[in-house]
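# Architecture and fold: a report
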Amino acid sequence: MALCLPKSLPAASFRLRSHYYLHSLLYSTTKRPKKQETISADEINEIPTPSPPASYYDVPPSGISRPISEILKELNKKVPDSLIRTRTEADGFTLRHLPWHIVNRIMNLHAPEWSGEVRSITYSADGKYVTVTYRVTIYGTDAELYRESTGTASVDEVGYGDPVQKAEAMAFRRACARFGLGLHLYHEEL
């Protein structure tokens, strides 16, 4: 297969933009210049491609470039007290927890290639409670792991957000805790 390229094209610009230029020539709808030169596919392969700048390699690796064991080691570290919130339940019980948005940020930091999905939403037979099942998956170079958990909220409970949002946030936090994130909060009394 031979490609038709204009003779007026400077060699340097062809080397730097060869792929994009060839693509535009092959798929353009505009008229091509009348003066053309034929270049074979072998000659195109011989054109040197520029190497990326040195700063390209200074970018830190993404989470998927690490093994699962390293990601889990980071997630199992104790969360700083400044990120932990306290709330008092209706019965007077004080609860320390991580809000879902902080859990989300920690996951983005230590396991940037994670994903999450709602697996099911179930209402109780009497319609007073809703339960959400949530799956969190983390990806590493050697494997991918997922953990699922549930969260339940009362339909009659007042406060911010609807019951499904509350149950989803609870299930998300619990699924992340199964990877070790904030797990120390569950064992503080021991």
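The structure we're discussing is the one just above.
Residues numbered from 1 in each chain as written. Predicted model: local features only at pLDDT ≥ 70, side-chain atom pairs only at ≥ 80, totals over all residues. Heavy atoms only, no water.

## Points about the pattern of salt bridges
All told, the structure shown has six salt bridges when counted by the stated rule. Residue Glu 74 is joined to Lys 77 by a salt bridge in which the shortest nitrogen-to-oxygen separation is 3.3 Å. You can call Glu 74 partly exposed: its relative accessible area is 23%. Assessed through its relative accessible area of 46%, Lys 77 is described here as partly exposed. (Salt bridge = Lys/Arg side-chain N within 4 Å of Asp/Glu carboxyl O. Buried < 20%, exposed > 50% of the residue type's maximum accessible area, 1.4 Å probe, protein only.)

## Looking at the pairing of strand 3 (residues 85–88)
With four bridges joining them, strand 3 and strand 4 (residues 94–97) adopt antiparallel strand pairing. In the strand pairing of strand 4, Arg 85 is matched with His 97. The hairpin formed by strand 3 and strand 4 contains five residues between the paired strands, and Gly 92 there has a positive phi angle of roughly 90°. (Pairing = 2+ DSSP bridges. Helix = DSSP H or I, 4+ residues; strand = E, 2+ residues; numbered from the N terminus.)

## Examining the packing of helix 3 (residues 68–75) against helix 4 (residues 100–110)
Viewed as axis vectors pointing N to C, helix 3 and helix 4 meet at an angle of 145°, and their least axial separation amounts to 10 Å. For helix 3 against helix 4, the interelement crossing comes out right-handed. Every residue of helix 4 that contacts helix 3 at Ile 71, Glu 74 and Leu 75 is listed here: Ile 106, Met 107 and His 110. Among the residues forming the contact of helix 3 with helix 4, the class breakdown is four nonpolar, one polar and one charged. (Axes fitted to C-alpha atoms, helices over the stretch in contact; angles between N-to-C directions. Left-handed = near helix turned anticlockwise from the far one by under 90°. Contact = heavy atoms within 4.5 Å. Nonpolar A, V, L, I, M, F, W, Y, C, P; charged D, E, K, R; others polar.)

## Description of the sheet that holds strand 7 (residues 144–154)
The strand order across the open sheet built from three strands is 5-6-7, with neighbouring strands paired in antiparallel fashion. Edge positions in the sheet fall to strand 5 (115–123) and strand 7, since each of these pairs with one other strand and no more. Neighbour-to-neighbour, the strand axes of the sheet open up by a mean angle of 20°, direction not taken into account. Bridge analysis of strand 6 (residues 129–139) against strand 7 gives eleven bridges, and the strand direction is antiparallel. Within strand 7, the residue paired with Thr 133 across the bridge is Thr 150. Against the sheet, helix 3 makes contact with strand 6 and strand 7, and its axis sits at roughly 130° relative to strand 6, the strand it touches most.

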